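Next come the chains, spelled out residue by residue.
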Amino acid sequence: MKNPKTTFQKTLFIFIPFSIGYFLSYLYRSTNAILAPYLNQDLGINAEQLGLITSVYFLTFALFQLPLGILLDKYGARKVQSILFVIASIGAATFALGNDVSQLTIGRGLIGLGVSGALMGAFKAFSVWFPKERLSLLIAVYLGFGAMGAVVASTPLELALNITSWRIIYLFLSVITLLVSFLIFFIVPEKEVYNEKAENDSIIKVLKEIYSSYAFWRICPIASIVGGTSMSLQGLWAGPWLTDVGKFSQMETANILFIFTICMAIGIVMMGIISDYVRKFKISPIGVMGFFIFLLIIPFIIITFGIIPKAIWPWVMFSLTSFCGTLGYAGLSAHFPLRYAGRVSTAVNLVTFLIAFFSQYAIGSILQHLEPGKTSGYSMQSYQIGFGVFLLLIIF
């Protein structure tokens with residue numbers, strides 16, 4: 001449909017195609033928390049190698065954020081997303097057929113690049129097609145779709161692995177991703193928007209204004225450290241911790257990660273509602289973020305030091321608060337012109353995903369350095385040091 005007019009038409013031809021893509025991006029991001037023991041069993045992957053393979057997703061994702069904003073503004077979300085999902089499909093196939101660390105790393109890197117526009121591309125399309133007063137609700141529902149991808153990457157993925165191999169699953173995901181690319185290209189309509197003021201703002205000028213801003217460096221680092229560390233644990237290290245420290249079985253670990261991701265989705269919506277409500281009391285999103293960071297530190301300390309390793313509630317509390325860093329996006333938007341909103345978001349995304357890459361890889365390197373020769377079954381003391389580094393960064 002070239003020009004959808006009703007909300008139903010816009011939902012059907014714009015919101016749903018992009019939502020399926022975002023669902024896949026979260027699914028890809030979260031699979032290795034469950035796949036870790038299977039990769040270890042089939043290919044002898046150790047903690048450092050696992051950290052590299054998994055975290056490169058975040059590296060390519062992050063590095064593409066700045067050119068992504070330019071491409072979205074120039075060519076539109078439909079064309080950019082379609083091409084990117086083809087790349088993600090190639091990456092998934094490469095990962096499925098990989099037989100060593102380098103091949104798996106290339107596959108994950110291509111996946112990260114391919115899904116790097118799943119969030120910002122949709123925001124761009126929604127801002128063009130939907131009325132501004134509906135955007136908050138749309139974004140909350142859209143983020144919920146993504147969280148459901150993480151849910152599928154827990155117990156359902158473990159059940160699927162009891163039936164077939166991780167290679168078949170990734171080949172299946174490759175085909176689905178390619179179909180989503182075609183869906184977006186042929187279903188999503190195009191709408192040209194010309195903003196003369198935005199055209200007159202040079203790329204260098206805008207980036208310099210953002211990255212030299214005091215507000216950016218006051219808010220972005222803590223938001224990004226919290227967000228990046230949370231993604232690092234949710235996407236990989238929560239699974240091995242539950243197995244090695246908590247001594248849970250693989251299915252029990254998958255079930256706990258299932259609860260984790262459900263609570264994560266609830267937490268995202270909950271924090272958005274709370275932030276919106278307390279505005280009437282002149283409390284900013286940054287104030288709400290600070291409160292939830294304080295709440296997040298409590299379970300993170302308990303998890304890091306393995307105080308009650310068999311307890312699930314610290315992981316539930318951590319998951320409910322783990323995405324509080326996203327409130328920093330809303331808080332930063334008040335410090336810049338509205339036309340900079342997309343570029344501010346991608347600037348924060350760049351830092352957040354670089355930290356996610358660093359933390360995911362660094363934790364694996366720490367585990368492997370402390371217990372060389374191991375490929376699984378790392379000690380609680382090693383996790384204490386690996387997790388503790390990022391706990392200290394959040395606190396200080």
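For the structure itself, look to the data block above.
All figures in this text were calculated on a predicted structure; none of them were measured in a lab.

Undergrad: What is the right way to read the nonpolar core from this model?
TA: A general trend in soluble globular proteins is that nonpolar side chains are found buried together. In this structure, Phe18, Tyr28, Phe216, Trp237 and Phe387 are the most contacted members of the largest nonpolar core, which totals 119 residues. No other element matches the 14 residues that helix H13 (residues 214–244) contributes to this core. Those residues within four positions of Phe387 in sequence are excluded, and the remaining contacts are Leu233, Trp237, Trp241, Phe300, Ile303, Thr304 and Ile363.

Undergrad: Is there a simple way to explain the pattern of salt bridges in this structure?
TA: In a structure, side chains of opposite charge can pair up when their charged atoms sit close to one another. Evaluation of the coordinates by the stated rule reveals two salt bridges. In this structure, the salt-bridge partner of Lys205 is Glu209, at a minimum N-O distance of 3.8 Å. Taken together, the residues span about one helical turn, with Lys205 and Glu209 both in helix H12 (residues 203–211) at a distance of four residues.

Undergrad: What is the right way to look at the packing of aromatic side chains in this model?
TA: A ring pair, where both rings are aromatic, is described by two values, the distance of the centres and the angle of the planes. Per the counting criterion, the structure on display carries 30 aromatic pairs. Aromatic side chains Tyr22 and Tyr26 sit 5.5 Å apart centroid to centroid with 90° between the ring planes, which places their arrangement in the edge-to-face category. With Tyr22 and Tyr26 both in helix H1 (residues 7–30), this residue pair falls four residues apart, about one helical turn. Judged by relative accessible area, which is 4%, Tyr22 ranks as buried. Judged by its relative accessible area of 3%, Tyr26 falls in the buried class. Note on Tyr57 and Phe58: the rings are 5.3 Å apart at their centroids and 85° apart in plane angle, and the pair reads as edge-to-face. Ring-pair connections join several aromatic residues into one group, and the members of that group are Phe15, Tyr22, Tyr26, Phe126, Phe130, Tyr142, Phe145 and Phe323. For Arg29, the ring lying beneath its charged end belongs to Tyr26, and the centroid distance is 4.3 Å.

Undergrad: So what exactly am I meant to see when it comes to the layout of surface pockets here?
TA: Gaps left between atoms are located by rolling a probe of water-molecule size over the structure's atoms. As a volume, the second largest pocket reaches approximately 230 Å³. Lining the second largest pocket we find 20 residues, and of these Ala36, Pro37, Pro240, Asp244 and Ser376 sit closest to its centre. Elements represented by at least two residues in the lining of the second largest pocket include exactly helix H2 (32–43), helix H3 (47–63), H13 and helix H14 (250–278). Here the lining of the second largest pocket gets five residues from one element, more than from any other, and that element is H13. When grouped by side-chain class, the residues that make up the lining of the second largest pocket number ten nonpolar, nine polar and one charged.

Undergrad: Is there a simple way to explain empty space enclosed by the protein in this structure?
TA: Applying the stated criterion across every chain, the model contains one cavity of 30 Å³ or more. Estimated volume of the largest cavity: approximately 40 Å³. Every residue along the wall of the largest cavity is listed here: Ser30, Ala33, Ala150, Ala153, Ser154, Gln234, Leu257 and Thr261. Taken together, the residues of the lining of the largest cavity break down into four nonpolar, four polar and no charged.

Undergrad: I would appreciate a short explanation of the side chain of Thr253 in the present structure.
TA: On the secondary structure map, Thr253 appears in helix H14. Judged by its relative accessible area of 1%, Thr253 is buried. Discounting chain neighbours no more than four positions away, the residues touching Thr253 are Gly239, Leu242, Thr243 and Phe248.

Undergrad: Can you walk me through a nonpolar patch on the surface in this structure?
TA: A cluster of nonpolar side chains, contributed by Ile301, Phe305, Ile307, Ile308, Trp313, Leu392, Ile395 and Phe396, occupies part of the molecular surface with about 830 Å² of accessible area. By secondary structure assignment, the location of Ile395 is in helix H19 (residues 380–395). Assessed through its relative accessible area of 39%, Ile395 is described here as partly exposed.

Undergrad: What is the right way to read the state of the cysteines from this model?
TA: By definition, a disulfide links two cysteine residues through a covalent bond between their sulfur atoms. This model, assessed by the stated rule, comprises zero disulfides. No disulfide involves Cys220; its sulfur sits 14 Å from that of Cys324, the nearest cysteine. Judged by its relative accessible area of 1%, Cys220 falls in the buried class. Left without a disulfide partner, Cys263 is nearest to the cysteine sulfur of Cys324, which lies 15 Å away.

Undergrad: What am I meant to see in unusual backbone geometry here?
TA: A positive phi angle, close to 60°, is found at Lys247, a residue other than glycine. Looking at where Lys247 falls in the secondary structure, it is placed in the loop between H13 and H14. If you check the backbone angles, Lys282 has positive phi at about 65° while not being a glycine. By secondary structure assignment, the location of Lys282 is in the loop between H14 and helix H15 (285–304). For Lys282, a relative accessible area of 78% corresponds to the exposed category.

The rules behind these values
- Residues numbered from 1 in each chain as written.
- Predicted model: local features only at pLDDT ≥ 70, side-chain atom pairs only at ≥ 80, totals over all residues.
- Heavy atoms only, no water.
- Core = buried A, V, L, I, M, F, W, Y, C linked by side-chain atoms within 4.5 Å.
- Buried < 20%, exposed > 50% of the residue type's maximum accessible area, 1.4 Å probe, protein only.
- Helix = DSSP H or I, 4+ residues; strand = E, 2+ residues; numbered from the N terminus.
- Contact = heavy atoms within 4.5 Å.
- Salt bridge = Lys/Arg side-chain N within 4 Å of Asp/Glu carboxyl O.
- Phe/Tyr/Trp six-rings, centres within 6.5 Å; stacked < 30°, edge-to-face > 60°.
- Lys NZ or Arg CZ within 6 Å of the ring centre and 35° of its normal.
- 1 Å grid on protein atoms, 1.4 Å probe; cavity = no way out; pocket = protein on both sides within 12 Å on 5 of 7 lines; lining within 4 Å.
- Points joined across faces, edges and corners; volume = space filled by probe spheres on them.
- Nonpolar A, V, L, I, M, F, W, Y, C, P; charged D, E, K, R; others polar.
- Patch = residues over 30% accessible without salt bridge, like charges linked within 9 Å, V, L, I, M, F, W, Y side chains within 5 Å.
- Areas by Shrake-Rupley, 256 points an atom, 1.4 Å probe, with all protein chains shown as cover.
- Disulfide = S-S within 2.5 Å.

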